[in-house]
Amino acid sequence: MDEKLTYIYEMFPDAKCELDYNTIFQLLIAVSLSAQTTDKRVNQCTPILFEKYKTIKDLADANIEDVKSIIKPIGMTNTKAKNIIEIAKIIHYERKDSITSDVNELLKLPGVGIKTINVLLAEGFKIPAFPVDTHVNRVAKRLKLAYINDDVSDVERKLKKKIPKEQWIQMHHSMIFFGRYFCKAIAPKCQECQLKGKCRVNYK
Ligand code: SF4
């Protein structure tokens with residue numbers, strides 16, 4: 001594996017998903033809520049949400065205003081409340097509570113895109129996948145593992161080529177932690193970083 005990726009892996013070998021969930025359905029809802037916000041904020045709301053709506057049917061039949069008030073700290077409240085209720089309706093009423101790993105079926109769920117699906121596959125089903133979030137995207141570009149103008153699907157394809165398939169899941173977690181806690185968007189820890197000179201950032 002590329003030495004930069006090995007460095008990242010060795011810094012965070014035990015990195016893991018930081019969203020709290022107990023079932024694949026809860027994971028799907030938590031990931032859907034996590035767009036444009038932090039896992040920490042999602043984790044503040046989901047225990048209340050999952051306590052109030054214990055089953056998929058409960059959420060499918062939920063009052064949207066009640067859901068909005070629970071997820072208010074997460075932001076994009078209207079869209080997210082509408083989407084998660086609709087996801088629950090489809091999974092409960094059309095799919096008999098069954099959650100598939102079929103990408104085309106998952107894409108039919110409202111607000112569910114490739115990144116959410118990749119998280120669900122990797123984290124929920126343990127199927128090799130490489131979700132590219134804001135941290136993975138930034139780190140890959142800073143480290144010249146992708147071009148600055150690459151879109152997320154380019155970044156995903158390039159990283160998958162450089163990393164053995166059996167390491168995709170762990171490496172994506174390690175890259176997220178590296179971006180979230182070390183190579184941060186603002187004030188990355190360049191002085192402590194052994195990749196100085198191998199990345200695009202002008203450190204002091
Ligand atoms: S030198 Fe700084 S910007 Fe570059 S990878 Fe290290 S922490 Fe990130």
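Structure first, text after, so check above.
Residues numbered from 1 in each chain as written. Predicted model: local features only at pLDDT ≥ 70, side-chain atom pairs only at ≥ 80, totals over all residues. Heavy atoms only, no water.

Participant: Whenever I open this one, the pattern of salt bridges confuses me. Can you help?
Facilitator: Pairs can form between side chains of opposite charge once their charged atoms are near each other. Throughout the structure, instances matching the rule amount to 11 salt bridges. In this structure, Glu-105 engages Arg-95 in a salt bridge whose closest nitrogen and oxygen atoms are separated by 3.3 Å. With Glu-105 in helix α7 (residues 103-106) and Arg-95 in the loop between α6 (77-94) and α7, this pair connects stretches of sequence that are 10 residues apart. For Lys-160, the salt bridge identified is with Glu-156, shortest N-O distance 2.9 Å. In this pair, Lys-160 and Glu-156 both sit in helix α10 (residues 152-162), four residues apart, roughly one turn of the helix. Residue classification places Lys-160 among the partly exposed positions, given a relative accessible area of 24%. Relative accessible area serves as the criterion here: at 13%, Glu-156 is assigned to the buried category. In the salt-bridge network here, residues are joined through shared partners; they are Glu-18, Asp-39 and Arg-180. (Salt bridge = Lys/Arg side-chain N within 4 Å of Asp/Glu carboxyl O. Helix = DSSP H or I, 4+ residues; strand = E, 2+ residues; numbered from the N terminus. Buried < 20%, exposed > 50% of the residue type's maximum accessible area, 1.4 Å probe, protein only.)

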